[in-house]
Amino acid sequence: KPYAFLADSARFAADSVAVQMLPKVTLSAQAGFQDPIGPIDETIQQNTVSVTASMPIFDWGQILDDSDSKRKQSQAYLKNLDQAKADLWRDWNKSQDLLRSNRYQEKLNLTAVSETQQLSQLTYASYKAGGSKYLEVQTANFQSLTAKVQAVTNDIQMLMQLSVLSSLSGGSPQSTVGSSQ
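How each quantity is defined
- Residues numbered from 1 in each chain as written.
- Predicted model: local features only at pLDDT ≥ 70, side-chain atom pairs only at ≥ 80, totals over all residues.
- Heavy atoms only, no water.
- Helix = DSSP H or I, 4+ residues; strand = E, 2+ residues; numbered from the N terminus.
- Contact = heavy atoms within 4.5 Å.
- Salt bridge = Lys/Arg side-chain N within 4 Å of Asp/Glu carboxyl O.
- Buried < 20%, exposed > 50% of the residue type's maximum accessible area, 1.4 Å probe, protein only.
- pLDDT = per-residue confidence, 0-100.
- Core = buried A, V, L, I, M, F, W, Y, C linked by side-chain atoms within 4.5 Å.
- Phe/Tyr/Trp six-rings, centres within 6.5 Å; stacked < 30°, edge-to-face > 60°.
- Patch = residues over 30% accessible without salt bridge, like charges linked within 9 Å, V, L, I, M, F, W, Y side chains within 5 Å.
- Areas by Shrake-Rupley, 256 points an atom, 1.4 Å probe, with all protein chains shown as cover.

Peer 1: Describe the side chain of Asn102, and please don't skip the residues or the numbers.
Peer 2: Locating Asn102 in the fold gives a position in helix 2 (residues 60-129). Those residues in contact with Asn102 that lie beyond four places of it in its chain are Asn154, Gln157, Met158 and Gln161.

Peer 1: Run through the pattern of salt bridges, naming residues and quoting values.
Peer 2: Evaluated as defined, the whole model comprises three salt bridges. Across the salt bridge formed by Asp91 and Arg90, the nearest N and O atoms sit 3.1 Å from each other. Under the relative-accessibility criterion, Asp91 is labelled partly exposed at 28%. With a closest N to O distance of 2.5 Å, Arg100 and Asp97 form a salt bridge. Of the two residues, Arg100 and Asp97 are both situated in helix 2; the distance of three residues between them amounts to about one turn of the helix. Ionic contacts of the salt-bridge type, sharing partners, join the residues Asp87, Arg90 and Asp91 into one network.

Peer 1: I'd like a rundown of the environment of Asp155, residues and numbers included.
Peer 2: As for its placement among the helices and strands, Asp155 is situated in helix 3 (residues 134-169). On the accessibility criterion, Asp155 (32% relative accessible area) is partly exposed. Put simply, Asp155 and Asn102 are 53 residues apart on the chain and 7.7 Å apart in space, counted from C-alpha to C-alpha.

Peer 1: Any chance you could break down the confidence of the model for the protein chain for me, citing the residues and the numbers?
Peer 2: In this model, the protein chain carries a mean pLDDT of 82, and residues with pLDDT of at least 70 account for 90%. Mean pLDDT across the elements of the protein chain bottoms out in helix 4 (residues 173-179) (46) and peaks in helix 3 (92). With pLDDT under 50 throughout, residues 172-181 is counted as low confidence; its partners more than four residues away or in other chains account for 13 contacts.

Peer 1: Describe the nonpolar core, with residues and values.
Peer 2: Residues Trp92, Leu99, Met158, Leu162 and Leu165 constitute the largest nonpolar core, which totals five residues. Mapped onto this core, the elements with two or more residues apiece are helix 2 and helix 3. Each residue touching Trp92, except ones within four places of it in the same chain, is listed here: Leu165, Leu168 and Ser169.

Peer 1: So, the packing of aromatic side chains: which residues are in play, and what are the values?
Peer 2: Tallying each qualifying case throughout the model produces two aromatic pairs. Ring-pair connections join several aromatic residues into one group, and the members of that group are Tyr124, Tyr127 and Tyr134.

Peer 1: An account of a nonpolar patch on the surface is requested, with residue identities and associated values reported.
Peer 2: A surface patch of nonpolar side chains, about 450 Å² in accessible area, is lined by Val25, Leu27, Val49 and Val51. Of all the elements in the fold, those that place two or more residues in the nonpolar patch are strand 1 (24-34) and strand 2 (44-54). Looking at the element boundaries, Val25 is found in strand 1.

Peer 1: I'd love a proper account of the side chain of Asn154, names of residues and values included.
Peer 2: You can see Asn154 is positioned in helix 3. When its relative accessible area of 4% is taken as the criterion, Asn154 is described as buried. When neighbours within four sequence positions are excluded, Asn154 is seen to be in contact with Asn102, Gln105, Glu106 and Asn109.

Shown next, in the form of structure tokens:
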């Protein structure tokens, strides 16, 4: 929106500068009594009407240059507005793609957490029965913890993308969650 306001402002400024090329007409009228100046002691009523017309002759080049400059500035603001819109759509689509990817990864992470948790439990049961070594139990526990950390990291990335989408749309995160599914 700021680019649109700046463009309008520059366009209006160009129009106001261009108006300076038009002729200016001034009309004035005056009526009044004047005291005598001289030997005759009479009060005289004097009425005056004047019309003045002026037109810039020597400033036309400067006025046209200034007006053109402001129009070009307005066009530049509009171009910046178009670029800002394109950037906004690009960022929106990128965030949507990343959110979809994170949602797909979330399903994979849930499966990985479940499988590594089961593996950890089976390895511990095997260790208690004497079939596995302590290091194998620690490795299984570490894999389970790593899967949980990856799942949480993915959840954080999803929340960041929802925040980006919310900020780009100017709405609340709840409206973004419902629209992106």
